[in-house]
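# Observations on the model geometry
Residues per chain are reported as follows:
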Amino acid sequence: MSNSQTVQSIYEAFGRGDIPAILDNLADDVRWEHWPDGNGGACRGVPWLQPRSSREEVPGFFEALGALEFHEFRPTELIESNDRVLALIEVDLAVKETGHRFRDSEIHLWTFGEDGKVSEFRHYVDTAKHVEALAS
């Protein structure tokens, strides 16, 4: 299976709510939302943008997503190069607690190890939208 096919299968599992299937594709020491100089959303307390450092911690990401109501989550394109897959995503979200709804165009960057497992994952989002929606 190519890396793009793996990412596609991860998104399909996400759509089904099949978190174990997603976790099966991650390296034990996956770096989830790690940024060299930090992430503005994580620094402002956005729970779903917090860094996680292992496959055991990643379920916390999906638990944090429980604060959101997804009106749309649509991968529009997957671009593969060497050990990386870039996914273009359209989302329409609402924070359940605040009721604040917004649209965003995201980029997801998936990096794979030699074993075919995801070794790193990052969201590229408009962090201001996420921070505002959480605080509203």
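This brings us to the overall build of the protein. Helix and strand content of the protein: 5 helices and 5 strands. Reading the protein from its N terminus to its C terminus gives the helix and strand order α-α-β-α-α-β-β-β-β-α. Taking the principal axes of its C-alpha atoms as reference, the protein extends roughly 45 × 30 × 25 Å. Counting all 136 residues of the protein, 40% fall into the buried class. Long-range contacts, defined as pairs at least 24 residues apart, comprise 52% of the intrachain contacts of the protein with a sequence gap of at least 6. Surface exposure of the protein reaches about 7,100 Å², of which carbon and sulfur atoms provide 46%. In the protein, the 13 positive side-chain charges and the 25 negative ones have mean positions that sit 3 Å from each other.

When strand S2 (residues 68-81) meets strand S3 (residues 84-95), the two strands line up antiparallel, connected through 12 bridges. Within S3, the residue paired with Glu-77 across the bridge is Leu-88. Where S2 folds back on S3, the antiparallel hairpin that results is connected by 2 residues, among which Asn-82 adopts a positive phi of roughly 55 degrees. Of the strand pairs in this sheet, S3 and strand S4 (residues 101-112) are connected by 11 bridges, and their pairing is antiparallel. When the bridges of S4 are listed, Leu-93 appears paired with Phe-102. Hairpin connection, S3 to S4: the antiparallel pair is bridged by 5 residues, and Gly-99 has positive phi, about 75 degrees.

Let us now look at the pairing of S4. Across 6 bridges, S4 lies against strand S5 (residues 118-124) in antiparallel orientation. Note on S5: the bridge partner recorded for Thr-111 is Glu-120. Where S4 hands over to S5, the hairpin turn is made up of 5 residues, of which Gly-116 adopts a positive phi near 85 degrees.

What follows deals with the pattern of salt bridges. Counted according to the given criterion, the structure contains 7 salt bridges. For Asp-92, the salt bridge goes to Arg-103, with nearest N and O atoms at 3.5 Å. Placement of the pair is Asp-92 in strand S3 and Arg-103 in strand S4, with a sequence separation of 11 residues. Given a relative accessible area of 43%, Arg-103 falls into the partly exposed group. Put simply, Glu-120 and Arg-122 hold a salt bridge, and the shortest N to O gap is 3.1 Å. The pair Glu-120 / Arg-122 is uniform in exposure class, with both members buried. One network of salt bridges, with partners in common, ties together Glu-72, Arg-74, Asp-92, Arg-101 and Arg-103.

About the thresholds
- Residues numbered from 1 in each chain as written.
- Predicted model: local features only at pLDDT ≥ 70, side-chain atom pairs only at ≥ 80, totals over all residues.
- Heavy atoms only, no water.
- Helix = DSSP H or I, 4+ residues; strand = E, 2+ residues; numbered from the N terminus.
- Buried < 20%, exposed > 50% of the residue type's maximum accessible area, 1.4 Å probe, protein only.
- Contact = heavy atoms within 4.5 Å.
- Areas by Shrake-Rupley, 256 points an atom, 1.4 Å probe, with all protein chains shown as cover.
- Lys, Arg positive; Asp, Glu negative; His and termini not counted.
- Charge placed at Lys NZ, Arg CZ, Asp CG, Glu CD.
- Pairing = 2+ DSSP bridges.
- Salt bridge = Lys/Arg side-chain N within 4 Å of Asp/Glu carboxyl O.

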